[in-house]
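Summary of structural features
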Protein chains: 4
Amino acid sequence: METKAKVLIDCQDAKGLVYRISKVFFDNDLNIDNNREFVDKSAEKFFMRTVVTGQFEPHELEEELREVLPANADLRVILPKRKKIILLVTKESHALGDILIRHADGELEADIEAVIGNHNTLEELVCKFNIPFMHIPAEGYSREEHEENVMQVIDALEFDYLVLAKYMRILTPAFVGKYEKRIINIHHSFLPAFIGANPYKQAYDRGVKIIGATAHFVTNDLDEGPIIAQDVIPVNHRFSWKDMQRAGRDGEKIVLSRALNLVLHDRVFVHGNKTIIF
Amino acid sequence: METKAKVLIDCQDAKGLVYRISKVFFDNDLNIDNNREFVDKSAEKFFMRTVVTGQFEPHELEEELREVLPANADLRVILPKRKKIILLVTKESHALGDILIRHADGELEADIEAVIGNHNTLEELVCKFNIPFMHIPAEGYSREEHEENVMQVIDALEFDYLVLAKYMRILTPAFVGKYEKRIINIHHSFLPAFIGANPYKQAYDRGVKIIGATAHFVTNDLDEGPIIAQDVIPVNHRFSWKDMQRAGRDGEKIVLSRALNLVLHDRVFVHGNKTIIF
Amino acid sequence: METKAKVLIDCQDAKGLVYRISKVFFDNDLNIDNNREFVDKSAEKFFMRTVVTGQFEPHELEEELREVLPANADLRVILPKRKKIILLVTKESHALGDILIRHADGELEADIEAVIGNHNTLEELVCKFNIPFMHIPAEGYSREEHEENVMQVIDALEFDYLVLAKYMRILTPAFVGKYEKRIINIHHSFLPAFIGANPYKQAYDRGVKIIGATAHFVTNDLDEGPIIAQDVIPVNHRFSWKDMQRAGRDGEKIVLSRALNLVLHDRVFVHGNKTIIF
Amino acid sequence: METKAKVLIDCQDAKGLVYRISKVFFDNDLNIDNNREFVDKSAEKFFMRTVVTGQFEPHELEEELREVLPANADLRVILPKRKKIILLVTKESHALGDILIRHADGELEADIEAVIGNHNTLEELVCKFNIPFMHIPAEGYSREEHEENVMQVIDALEFDYLVLAKYMRILTPAFVGKYEKRIINIHHSFLPAFIGANPYKQAYDRGVKIIGATAHFVTNDLDEGPIIAQDVIPVNHRFSWKDMQRAGRDGEKIVLSRALNLVLHDRVFVHGNKTIIF
C-alpha cells in the first residue's frame, strides 16, 4: 500500500547531503512529490522538506536517513495525521471566529481540542461550534497559579500547538519553555514596531501610514519570537486609533490563520530567532 | 484674467468655519475646483485645502479670509509657481537617480537648484543632467563646521525644500531648526521599526517577512519626524541583508518621490508629529 | 436634544454649492463633524457627504437644503438607524462566516434579517447564530420561478441591502432592476480580469502572479457593476488553481466585509458605473 | 581553480531525477550553493535550477548530466558571464530611465548594447549615459520594413534579451518568432485586465480601485505572453486617467526592472504560457 510522508531535515550543512538523502529515497523506490531546500551559508545549516510517496516502513526510512545525516541532525518523518490544537483567548472574537469558521468548514486541517479563556466572554461563541470552552480566570490568582491551572487542563489533553488567538496575557518563561516551538501568537502590530501594550494607540500616536500584524512563535522575549507571517494595512490621518484597531483586526486574523496553516502543514522550520518557510 | 490658487488653512476649530470660508470664495465669485477638510476633534484643529479659480487679487483674498478665521490661523494663498529644491546625497544613487529622471522628463514639478554630496561619488551622475553638484566633504570637519559649509551654499540659493536622498549623516538641532518643516528624508525602514543605523541588517537579524521605507520630515528626534509616506516589500528567509537592501531600494526611491510629489503639490500639513495628507 | 445626521448630496455641479449648503448648516447652528466633497469635472457632478450634529428637525433641514440645491438633486438626510440586510448564499461558508462572526461580535452595524440559500449546505452554520435560514432551491425551477420565490421571501421582510456572499447564480434583469443599487456582490477575481465562471481556473491557466477579489454593486451587465472595493493576493507557480481558490477566499471575505462596511456607513455614492467612496 | 555555474534543467518528470542529478554533482565533488526544483504534476514536467561550485569542466559536466536526463531535456550549464541587452523605446522615459540609473550604478548585471527608439525623443537622455541611441523611425515605413531595419541593427550586435521599455509598437509574428523567449515587455495594466490600447483610460472608465503593471515575455498573442512579474497600485475616484497613468508609471518601471533582474539571473523558466520563477 502507498504511504505518503513529509521528511523534514534540519542539520549541519555538508557536501553531498542532497545526493545522500535522495539516494535513500531512490533506493526505497520513493516518488518525490515536492522538495524544497535551503542552506544558511553563514550558519552552515541545511534545511530540507520533502514529500515522498511509495511503499516504505517509516521507521526504517528514518533509520536509513539518519545514517547518511550528520550527527545531531533534527530529522522527522511525518505521516498523514490530523493535528490537534488548543486555542487561548481573552475577549476579542475576530481571530477565534476566523479559526472556528475554517474549522466548521473543514478547511482547517486540525482538530480544536478546546478553547481556554481567561474571561468567559467568548464561551457563547465557542459553544455554538460544539467545541469545549474552559473558563480559567486569572483575576485573583498569581501568574504562576493561573498558568498552573491552564497547564493542568492542557496537559490532560493531547495537542500539537497552542494558538494564542488574541490572548492578552504574558506567559512566564516556565510556561513558554515547557511548550517550546509549539506556541503561536498573533501580535497586533508590524513587529518589531510597537512592541508591548496597545500597539494601535502607539501607531496612532506615531502617525504611521501603514499598520500591520505579525504571527510568531512565542519565546521568553516578549514579542521577539521567530516571525512566521506578517501583513500590512494602509491607514491615514482620518483613522482614530479605534479605527486602526478595527481595520487591523482583519489583518490579525488573516495573518494568524495563514501562519497556522503553514505550521499545520509542517512548512515552518525554526532557525534561531527566525523561520524558514517552505 | 483667471487666477488659480491653493488656499491652505490650519487653525483652531470653530463652528461655522466652512460657511465663513466658502462665503469669502462665493463673494469673490470664485470656483472651487477641489476642496478637502479635516477636523482633529481631540486637538480641536481644523485643516482645509481648497483650489480656487477666478478673478481675484491674492492679497485681498488672504485678508478677507483672515478676517473670518480664528486668531493665529496659519493661512497660505499659494499661486502657481514652480518650487525649488536642493538635494543632499552621500554615495547611493537610486533615490537621487529617480528624482533626476523625473526632473529630466518634466514630471517633477520643481527645479533642482543643486545637489550637495558629502562625498563626490555622485558628481558624475548629477553632471550628466546639467545640474550643479557641490562636494562639501565632512571628513576632517566637526559636525558644526560641515553644516556651516552646507548652510553657506544653500543659503546663497533660493529653495523651498531640502531633500535628503539617502544622505547618511545626522543633522544638528541647529540645522534642523533653521529649516523647520522644509527637510524631507527617506529612512530605509518601516518606521518606527529599526530606527538608527543599518536597518536592513537589523531587519535581517530580526527575521522579518516584510521590509519597508518611510519618508518623513526631519525633526530633532532622529527618525521621529512626521511621516509623509510609507511602503513595504515582502522578503523571505532566502534574502541576505544585502538582498533586502537591494530590494528595499526600490521602495525607498518610490516612497521618497511620492512624498516629494505630495509636498510639492502642497498636499501635506504637519500637525504635531503627524501629517495630514489631502 | 442633539440629533446627528448624515447629509448626502449628489447633484449637478454649480458655483456656490458649498457656500449655500454650509450656510444652511450655519443658519441651523449645526456642527460639522465630518465633511467630504468631490466634483467630477467632466460629468459636472457634485457629491458631498457631511455629518452634522445639533438641534434640528430633519424634514425641515432637508427642505431648506433642497431650496439651495439644483433641481433633481439627490438629497438624503440619514438619521442614525440600524440597517437591515439579507444574505444570499450557495455552498461556500467563508464570506458568510466572516459576516456572521462580525455580527455576533456587534462589529457589523446591521441586523441580518435572513440568510437565503439555493442549497441547504449552510443552514447548520447559520442556525448556530440564531438567524433564520431559508432554503429556496433552484433546481427544478426556471430562473424566473426561483427568483419569484426569493422575492416573495425578501419582500415580506424589510431590508436595505442584499448581500451576495458567494451566491453562485446569475440574477435576471428584472430582479436586479427591482433592487437597484441595493445588491452587493463579491466576485472572486480582480475585475475586469476573469469575468464569468471559475476565475481561479482562468487565473491559473493564464499564469498570473497576483489574484484578486472585487466587491461591486450588481447591475444587469454580469460582473460589470460599480466597483466598491478590491484587493489582491500574491501567488506563484507552485499554486494549483485549488490553492489559488483557497488563498483567494481570504481576499474575498475581507473585501466583501470592507465594502459592506462602507455601504452601511453611507460612504458609497454610485456614479454611473463607478463609485465615489468617502 | 574553482568554477561556479548555474545548471538549469527543464525536462519530462521521472522517478529518481533528483538522485541521478545530485549524484553527478557528488561524483564531481561539487558544492551545491543553491537548489530549487518544481514538478508540474499535470504536465509531468520537472524544472531545476542549481548553483554549483567546484573544479569541473563545463562541457564534461553537461555531458554527464545529459546521460542521466530524459531525452529532449533542456539542459543549460551557464558560466558567470555578463549578459547583453538591447532596449526598445518610444517616447516615455520612466522605464528606460530606471534601467539607465541601475546600469550607471553597476546594479544592473548586464551591459546595454544599444537603445533603439522609433522616435528620437529619448536620444538626449540615453546619450548622457554614453550608450548608443539609434533612431529607427517607423513612420513612412510598413511594419515589416521598419522591423527589417531594427533587425539589421540588432543582429549586428550580440545580445541576450530585447527589453521593450514602453515600446509602443506591436511586433509581427516573424519578429517575435525570431527572438523567442528573449523579448521582455512591460504592459501598463494588471493583465489580463485591459489588454490593448490605453489601459489607464480603460481602467478609469471601468472605475477600478487598483491598477497594475505586468512584465511578460512577448509571444504572438498580444499581451498574452508568459507573465514574469506583476504589481499593483491603489487608486480612487479622485484619480483622472492621467493621474492613474502617472501613478502607474512607478509600478511599470519597478515591475520591469524586477522581471529583468530575474531573467538576467536565469531564474525564469518558460513553461507553456506560464513562468516558473526560482
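Here we summarise the structure given alongside this text. What you see is a predicted model, and the numbers here were worked out from it, not measured in a lab. (Residues numbered from 1 in each chain as written. Chains lettered and ligands numbered in written order. Predicted model: local features only at pLDDT ≥ 70, side-chain atom pairs only at ≥ 80, totals over all residues. Heavy atoms only, no water.)

Focus on the interface of chain B and chain A
- Contact with chain B, which involves 32 residues of that partner, is made by 32 residues of chain A.
- For the pairing of chain B and chain A, the buried interface totals around 2700 Å² over both sides, and the portion due to carbon and sulfur atoms is 57%.
- Per-residue buried area on chain B facing chain A is highest for B:R206, B:K209 and B:H237; these three make up 27% of the total on that side.
- Summed over the shared surface of chain B and chain A, the result is two salt bridges.
- Residue B:R206 pairs with A:E224 through a salt bridge whose shortest N-O separation is 3.4 Å.
- The interface formed by chain B and chain A holds 16 residue pairs in polar contact (both at pLDDT 80 or more) in total.
- The set of elements that each furnish at least two residues to the side of chain B that touches chain A consists of β2 (31-40), α7 (199-206), β11 (227-234) and β13 (274-277) of chain B. (Contact = heavy atoms within 4.5 Å. Buried area = accessible area lost by both parts, 1.4 Å probe. Salt bridge = Lys/Arg side-chain N within 4 Å of Asp/Glu carboxyl O. Polar contact = N/O pair within 3.5 Å; in protein donor to acceptor, adjacent residues only side chain to side chain. Helix = DSSP H or I, 4+ residues; strand = E, 2+ residues; numbered from the N terminus.)

Observations concerning the sheet that holds strand β9 (residues 183-187) of chain D
All names here are of chain D.
- Taken together, the seven strands give an open sheet; going across it, the order is β7-β6-β5-β8-β9-β10-β11, and neighbouring strands pair in mixed fashion. Strands with a single pairing partner mark the edges of an open sheet, and in this sheet they are β7 (133-135) and β11 (227-234). Pairwise comparison of adjacent strand axes, ignoring direction, gives a mean angle of 20° for this sheet.
- Strand direction decides the pairing type here: strand β8 (residues 161-164) and β9, joined by three bridges, are parallel. Along β9, the bridge assignment pairs L162 with I183.
- Of the strands in this sheet, β5 (83-89), β6 (110-117), β8, β9, β10 (210-217) and β11 are in contact with helix α8 (residues 241-264), which crosses β11 at around 155°. (Pairing = 2+ DSSP bridges. Axes fitted to C-alpha atoms, helices over the stretch in contact; angles between N-to-C directions.)

Brief notes about the relation of the copies chain B and chain A
- Superposition of chain B onto chain A requires a rotation of 180° combined with a translation of 0.0 Å along the rotation axis, giving an RMSD of 0.0 Å. Expressed as an axis order, the relation between the two copies is that of a two-fold axis. When C-alpha distances to the rotation axis are compared across chain B, the minimum falls at B:A193, with a value of 2.2 Å.
- Of the interface residues in chain B, 100% have counterparts in chain A that sit at the interface too, so the contact is made through matching surfaces. (Least-squares fit on C-alpha atoms with pLDDT ≥ 70 in both.)

Observations concerning the relation of the copies chain C and chain D
- Rotating chain C by 180° and moving it 0.0 Å along the rotation axis overlays it on chain D with an RMSD of 0.0 Å.
- Mapped onto chain D, 100% of the interface residues of chain C are again interface residues, and the two copies thus contact each other with one and the same surface.

Some points on the pattern of salt bridges
- Per the stated rule, a full pass over the model turns up 94 salt bridges over all chains.
- Across the pair B:D250 and D:R102 runs a salt bridge, and its minimum N-O distance is 2.8 Å. Taken together, the positions of B:D250 in helix α8 (residues 241-264) and D:R102 in helix α3 (residues 94-105) put the pair across two chains.
- D:R102 gets classed as buried once you look at its relative accessible area, which sits at 8%.
- A salt bridge links D:K201 to D:D205, with the nearest nitrogen and oxygen atoms 3.2 Å apart. Remark: D:D205 and D:K201 occur in helix α7 (residues 199-206); sequence separation between them is four residues, near one turn of the helix.
- Given a relative accessible area of 36%, D:D205 falls into the partly exposed group. (Buried < 20%, exposed > 50% of the residue type's maximum accessible area, 1.4 Å probe, protein only.)

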